[in-house]
Amino acid sequence: MTEVQLLQTIGLSVLGLGGAILLFVKARFVRVVAFVSIVLGGFTLVALSIPQMASLPPAVEKFDVTSIQDKKELASIGQKIFFGKAQCALCHTIGTGEGRCPDLKGVGAKLTRGFLYESLTQPQAYIYKDYEHVGQPKFFPAKMPYINKKPIALSNNEILAVIAFLQNMSGEEVTIELSEIEAPGPASTARKGEL
Amino acid sequence: MEPYERHWRSGGRQARLWAYAALVLLLFTVAAPLGLAWAQEAPAGSATEYRDILPGILGSRNLIWIIAQQHLLLAGFVLGVPIFAWVCEIVGVRTRDPRYDTLAKEFTKLLTSAYATTALFGGILLFLLLGLYPKLMVYLTDVFFPSFIVYSVLFLLETATLYLYWYGWDSMQGAKKGLHLFLGFLLNVFAFFIMIVPNSWATFQASPVVITEGSMWAKAWAATWNPTWWPVNVHRLIANVVLGGFICGAYAGLKYLMTQNQAERVHYDWMGYVGNFIGVFGMLPLPFAGYWLMREIYQYNQQMGITLMGGFLSWLFILQAILIGILFLGANYYFWLGIMYRIPGSEAKYRKPIMTMLVILLVCLGVWMTPHSLVASLEEARKMGGTHHPLLGVFGVMSAKMTVVNVMILVTFMSFVMYWRAGKQETATWAKAAKIGQGVILGVATIVVVVLGVWGYFVPAITRINYFSTTQVLVVLFVLLTITPLTALVLKSAKTTTEMVWGIMPPRAAYALVLNAVMVILLMTLMGYARSSSRVHWHVYGVMQDTSPYAYSPALGYAAAFMSLNTFLFCLMVAFIFWVASLGGEKKEGTSGKAHVKEAVKPAVAGAPVPAAGRR
Amino acid sequence: MRGSSLAMKGAVLLVAVFVVFKFVAPLVTAPLPMSLIWLYLFLTTVGIVVYGTLSSESTEALLGPIFRFLGGDGLNGVAKFARLAVLVLVPLLVGGQTYSELVPSSQPPAENRTIHPAPPGEFVGLTNPVPNTPENVMMGKGLFAAFCSPCHGPKFNGNGPASDGFNPPPANFVDPGTIAQLQESYLFWRIKKGGVGLNVEGHPWKSAMPRWEVELPDDWIWKIIMAEYAGSGQKPGTWE
């Protein structure tokens, strides 16, 4: 017997029992309980009559630096990080506007790679004039957090992947070299000054 | 005071002892398997992320599901009841009708016993969460610790106020009534804050905002002020009133069925009417609050919005439509039965309009329940060219649903107005003009709602959502807010032609009240599941992933079985609480039998077990 | 007299509703699935019961004849036989229904496929990076003709030469219920990941859409999307 059939059997038994009580039992409280059971049993049976579908979590994806083949792949990993672990999309939109924070459409073309890196790791160091907030205070005020520190704490490789994604989605050539990525560990060669 | 104390010493304390003994026993039965789970610790070294309980039989997620749902339903009741107990008290003071004060007190008594149980379940829930979901709890504590403190302080205040409000009821009659009303106000203020603080935790899980560095308090505040916080606060506040009202109605219905005493029947008939009235009035603005919440969710994250409305959970909203539909029908049915039975000789006059309303309601329901993606066999789907029906598919989209919901609200409101005016003859000179004006308002409103609904198909979604749906809502609110005072004004000078007769409603009216309560509870469990599973496999959406074996969202049928179980457990628990609370009063009734006879003319008071003391 | 007529009227109404939805509706439009007809019958029944039980007289008029019939008091002749038949048939019907539910069959189970399920997060916030110029649209149309039109049709109406082979049929972009409801990012996801990329509620096993990311670069896909909107005369939807 499948789970659905088991639950259906239980639901039908509750209906039957409730019906029998309503027919033969006089005690008022018991009758009301039976009535409630019938209603609940009926509801469950209706829900069970719909094709059943559970929502499974997606397979866990690991960011494996050694397996990256080309820059495109790096960018697509960056895309996953942008919309996932890095939580960028909590605030930023790409072209749809009306986000809580600056829209990032074309940002990879507008800003240099070094500036992007600085914006992620030293977010308050230089705030672009366009993004200066004027007028009414925002409804959900937020300051750009340090992406390389807790709680988000992207690794250097992940930050580079995000930059690759930003450049790629702006129609730019990705300037992150795969050789930079493959340098493992936190002592990466990619430093702000060198970019 | 004195009579009351005697009562507390005799029956009340014993009853309470029994109640607590039973609850402690319950705690043990929950704690036992918990020990079992703790016995199998995770290997030392790494921090434990999850623990499980009786996997395969119960599972940690299911246990949390049950306990959290019970806690939430009890909390809804405990927060909803003071609102209308307080309103009833005010009405009692204003109208000098002692029935309302008695009713308010009767419910505050239930409140005191339910309050302890709510806190108890809150405690169990907290322990279980700490034990079963340490990873999540560490994260949430990190973010929200200051609001935990605020919450505890609020709880102290609420408890103190509740005790003062309840135990001071009798001593604060007369000159001090104003103070008592103020206490009631405070009680509701604290209750509201007690509700919105945990709401911030739950809504943060669904719609987190980015947390930057800053003081502990700044972090907690930033997380509290998240996009769905206020929509949920408003939605839950209204829903709690609805829950309180309908449970009050169901309680009255049950008592009505079980008593043989005619005076009590009169009282409980009236109480059922009040409960149903409060429930319906809360229910009318509820869809608007829900709509606002949904809108915020879409704006926050489209993906979550689609998961809810068009994806995995879309069928859930058909179930919701069925439940709300039955609730609307049940509430209207009760009004109509009230007209038919309480106002003798009204059948001939009202059958036709009732039939019209019924047909409109059913047609609206038919539209609302028609899903966008239909359940069809392969052959049927082939004939339709997919799972969308070419003609009925138009009923499946938001434009149609919003329209019929608005029309249903209008019909229910008219049902109530009809009941209100039944058996009365307007005497004001301008009554006729007022009547015509109301008719015009209603007619125009209905036309506007329907026209906007149809037009909505031909404009971009954003226009429809931002302008059309909002206009529909405003039009309906306008109708509610103009016709209510207008009717009240007209009826002020009206003379009653047929006196309402209480206490002769048929049993099915009481069953309708019970049905309404069950529907509301079931709806809360259903939407709780929707809220929780719209996060899919995230503890905190987009931030902290659920990596436990229970990260999946169960299918609707399995979930519905749990919802039914939760509803049943909650109903039984509420019945138990009511029963315990009534134990104290029973002895009293025996001794004050004479008072009954004397009071039979003023039936309301006779039905209430305790308040003899309050009425010296 | 009025008594029997209310119960009778109810029964007639139920039958009429059934006939209209089952047999009359298909004359005008596609036949309704049984699940929907059951729903409407249920609503009608609720309506009859609510209306019938409004007062004690009408309750008697509605339920009296039914109870009397089932109770069997004072029945004779055909009515007596009919009552026996009902008492035998109802359990048989329930048994038969249970049997047909449980017996293994070659029929696929009824389905409710969600046609437009929620896209994965990384596709929600994207916009078309390719500028909407006549040249780009032109190139998109060319790409569409090469890769998409065999199924989705040269006229964008889902009526390509290969379309007959598929169930469900390829999407018809001219229909306002398809791409006009969706955003460009949504189309980008569907084209890039294809049928296999659908989530479970979209029934990935039902779609024959290829996974175009293995063959087409991203900017081609964006151009095709522009061409689909231009060619079908639709505009991208805003969020619903």
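Computed from a predicted structure; not experimentally measured.

S.K.: Explain helix α5 (residues 113-121) of chain A to me, and be specific about the residues and the numbers.
M.R.: Across the 9 residues that make up α5(A), a large majority, 7, are buried. Residues of α5(A) that are buried include every one of A:Arg113, A:Phe115, A:Leu116, A:Tyr117, A:Glu118, A:Leu120 and A:Thr121, and no others.

S.K.: Tell me what's going on with empty space enclosed by the protein, and back it up with residues and numbers.
M.R.: In total, this model carries 8 cavities of 30 Å³ or more according to the counting rule given. In this model, the largest cavity occupies a volume close to 290 Å³. Lining the largest cavity are 19 residues, and of these B:Ala250, B:Leu254, B:Val514, B:Cys571 and B:Ala575 sit closest to its centre. Among the elements of the structure, α2 (28-49) of chain A together with α7 (229-258), α17 (507-533) and α18 (556-591) of chain B are those that each provide at least two residues to the lining of the largest cavity. With 7 residues, α18(B) is the largest single contributor of residues to the lining of the largest cavity.

S.K.: Which residues make up the domain arrangement of chain C, and what values do they have?
M.R.: Here chain C is partitioned into domain 1 (2-102) and domain 2 (121-232). Each of domain 1 of chain C and domain 2 of chain C has a C-alpha centre, and the two are 48 Å apart.

S.K.: How would you explain the packing of helix α6 (residues 134-152) of chain C against helix α8 (residues 218-232) of chain C if you had to name every residue and give the values?
M.R.: Residue and element names in this part refer to chain C. Put simply, α6 and α8 touch, their axes get as near as 7 Å, and they point 95° apart. Between α6 and α8, the angle falls in the class roughly perpendicular. Contacts between α6 and α8 involve Asn136, Val137, Met139, Gly140, Lys141, Leu143, Phe144, Phe147 and Cys148 on the former and, on the latter, Trp220, Lys223, Ile224, Met226, Ala227, Glu228, Ala230 and Gly231. Partitioned by chemical class, the residues of the contact of α6 with α8 number 11 nonpolar, 3 polar and 3 charged.

S.K.: Describe helix α3 (residues 98-132) of chain B, and please don't skip the residues or the numbers.
M.R.: Taking 1.5 Å per residue, 35 residues should reach 51 Å; α3(B) reaches 50 Å between its end C-alpha atoms and fits that length. Along its length, α3(B) reaches its greatest deviation from straightness, about 25°, at B:Ser113.

S.K.: Requested: an account of unusual backbone geometry, with residues and values cited.
M.R.: The phi torsion at B:Leu54 lies on the positive side, around 40°, for a residue other than glycine. You can call B:Leu54 partly exposed: its relative accessible area is 27%.

Calculation criteria
- Every chain begins its residue count from 1, and numbering advances along the sequence as written.
- A letter from A marks each chain and a number from 1 marks each ligand, given out in the order of writing.
- Totals for whole chains, interfaces and linings use every residue, but because this is a predicted model, local features are given only for residues with pLDDT of at least 70 and side-chain atom pairs only at 80 or more, for both listing and counting.
- Side-chain measures were taken over the full set of non-hydrogen atoms in the model, leaving aside hydrogen atoms and water.
- Only protein chains enter the accessibility calculation, which uses a 1.4 Å probe; a residue is then buried when its area is under 20% of its type maximum, exposed when over 50%, and partly exposed in between.
- Helix and strand assignments follow DSSP, with helices taken as H or I runs no shorter than four residues and strands as E runs no shorter than two, numbered in order from the N terminus.
- Cavities and pockets were defined on a 1 Å grid built over protein atoms only: a cavity is a set of grid points that admits a 1.4 Å probe from which the probe cannot escape, a pocket is an open set flanked by protein on both sides within 12 Å along at least five of seven lines, and lining residues are those with an atom within 4 Å of any such point.
- Grid points are joined across faces, edges and corners, and a volume is the space filled by probe spheres set on the points.
- The start and end points of each domain follow an automatic or database-based domain assignment.
- Only the stretch in contact is used when fitting a helix axis, every axis being a line fitted to C-alpha atoms; angles between N-to-C directions are given from 0 to 180 degrees.
- Angle categories are assigned with fixed cut-offs, so that under 35 degrees is roughly parallel, over 145 is roughly antiparallel, 65 to 115 is roughly perpendicular, and the rest are oblique.
- Residues count as neighbours in contact if any of their non-hydrogen atoms are within 4.5 Å of one another.
- Each residue is assigned to one of three groups, with Ala, Val, Leu, Ile, Met, Phe, Trp, Tyr, Cys and Pro labelled nonpolar, Asp, Glu, Lys and Arg labelled charged, and all others, Gly among them, labelled polar.
- The span you would expect from a helix comes to 1.5 Å times its residue count less one.
- To obtain the bend at a residue, axes are fitted to the seven residues ending there and to the seven starting there, and the angle between these axes is taken.

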